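Each chain, written out:
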Amino acid sequence: MEGRTSQFQKLLSVIEMGSKIYIQAHDFPDHDAIASAFSLSYLLARNDIESKIVYSGEIRRADLKRMIKELGVELIKASKINFDKEDNIILVDSCIGNKNVTRLNGKYIAIIDHHKKIEIKEDIPFLDIDDTLGSCSSIIFSYFNNIENIDTKVATALMIGINIDTRNMSRGVNTQDLYAFYNLYFRSDIETVNSIVRNHITISDLKYFKYAIENIATYKEIGFCFFPFKFDINLLGIIGDFFLSVNEISFVLLCMETENEVLFSSRNENINWSSAEIINIILKDKGFGGGHDHMAGGIIQNKDFFNKNEIFETLISNLY
């Protein structure tokens, strides 16, 4: 990742010394968000800059809780902090304007992300957004000018983030992801990496897989399922990946009803289609969405605008 280490120096230059520094993950952090925040905090500390990792929402996945515990990641609920308007906030693995980011009372000085760019309607001093990368962890890895400086726990976190977001290096991967994976492999605790990556569902999750298997609607290469009840949003993506392992399915759209909203998750392995584009078409005038060609998510905030038959028909008509 030659040439990217200078980005970290630019980031350091926009941090206002004397201010409190917070690294914010999106509201329901996944492995890549936690790994990115944890590793960036470590790197800032090596430059004598203290920071704290914050998030809103919840952490529900058992494997993610285990990752946090075993690596000693310190996270603080944003609601427990009395933010000042001069506090410096660095947002990782998401972007201002996304519906999965609660706006905090502070000064956003940096955004580091690997999802497709959205319009940012304010002046952010530092932007490092690269949607060609499979994970945000690969961006943070590129900030290390000497891989010998990477602590084992940090390397382990980054490896978990890269593996989870790229589905074990099988989607959205470019040469920089591969370079990060190669250099981190022998610096990480690979047994912990493999254990967390492989063991990412629990027995209690199986009922949701059962419901999906019994209720999925298919058309040619498309799989579609609506869950009329709420569960962990991160599990929605895991179920989508499960359906991609079915030989006849190459595009999956799953949606889940909550108290007032409908959440969407898509997975795709057909190079002629884009999950992000389809999500935006489906949610036009109804909600918001974004992501990558291979995976995306979205939300309809008023479930009165949701009609599952209409969604499935729109999906089919735009892919065929």
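Quick note: structure is the one above.
In this text the structure is predicted, and so the values were computed from the model without any measurement.

Reading guide: rules and limits
- Residues numbered from 1 in each chain as written.
- Predicted model: local features only at pLDDT ≥ 70, side-chain atom pairs only at ≥ 80, totals over all residues.
- Heavy atoms only, no water.
- Salt bridge = Lys/Arg side-chain N within 4 Å of Asp/Glu carboxyl O.
- Helix = DSSP H or I, 4+ residues; strand = E, 2+ residues; numbered from the N terminus.
- Buried < 20%, exposed > 50% of the residue type's maximum accessible area, 1.4 Å probe, protein only.
- Phe/Tyr/Trp six-rings, centres within 6.5 Å; stacked < 30°, edge-to-face > 60°.
- Lys NZ or Arg CZ within 6 Å of the ring centre and 35° of its normal.
- Pairing = 2+ DSSP bridges.
- Axes fitted to C-alpha atoms, helices over the stretch in contact; angles between N-to-C directions.
- Contact = heavy atoms within 4.5 Å.

J.: Which residues make up the pattern of salt bridges, and what are the values?
T.: For the structure shown, the criterion picks out 16 salt bridges. For the salt bridge of Arg 61 with Asp 205, the shortest nitrogen-to-oxygen distance reads 3.0 Å. Taken together, the residues Arg 61 in the loop between strand E2 (52–55) and helix H3 (62–71) and Asp 205 in the loop between helix H7 (190–198) and helix H8 (206–215) connect sequence positions 144 residues apart. Comparing Arg 61 with Asp 205 shows no difference in burial state: the two are buried. Glu 259 is the salt-bridge partner of Lys 230, the closest N and O atoms lying 3.8 Å from each other. One end of the pair, Lys 230, is in the loop between strand E8 (222–227) and helix H9 (233–244); the other, Glu 259, is in the loop between strand E9 (251–257) and strand E10 (262–268), with 29 residues separating them in the sequence. Judged by its relative accessible area of 42%, Lys 230 is partly exposed. When salt bridges with common partners are traced through the structure, they connect Arg 61, Asp 63, Asp 205 and Asp 232 into a single cluster.

J.: Kindly report on the packing of aromatic side chains, identifying the contributing residues and their values.
T.: Under the defined criterion, the tally for this structure stands at 21 aromatic pairs. Pairing Tyr 22 with Phe 83 gives two aromatic rings, centres 4.8 Å apart and planes at 70 degrees, and the pair type is edge-to-face. Highlighted residues: Tyr 22 in strand E1 (residues 21–24) and Phe 83 in the loop between strand E3 (75–77) and strand E4 (88–92), separated in sequence by 61 residues. Accessibility expressed as a relative area gives 5% for Tyr 22, which makes it buried. Among the residues examined, Phe 83 registers a relative accessible area of 10% and is labelled buried. Three or more aromatic residues joined by ring pairs make a cluster, and in this case those are Tyr 208, Tyr 211, Phe 227, Phe 229 and Phe 231. Its guanidinium or amino end placed over the ring of Tyr 320, Lys 220 lies 4.8 Å from that ring's centre, counting from NZ or CZ.

J.: Lay out the sheet that holds strand E6 (residues 126–129) in plain terms, naming residues and giving numbers.
T.: Judged by pairing direction, the sheet is parallel, and its 6 strands sit side by side in the order E3-E2-E1-E4-E5-E6 without closing on themselves. Each of the sheet's edge strands pairs with one partner strand only, and the pair in question is E3 and E6. Taken pair by pair, the neighbouring strands of this sheet meet at an average axis angle of 30 degrees, ignoring direction. Set on the sheet, helix H1 (residues 5–14) makes contact with E4, strand E5 (107–113) and E6; between it and E6 the angle comes to about 150 degrees. Running at roughly 135 degrees to E4, helix H2 (residues 31–46) makes contact with E1, E2, E3, E4 and E5 of the sheet.

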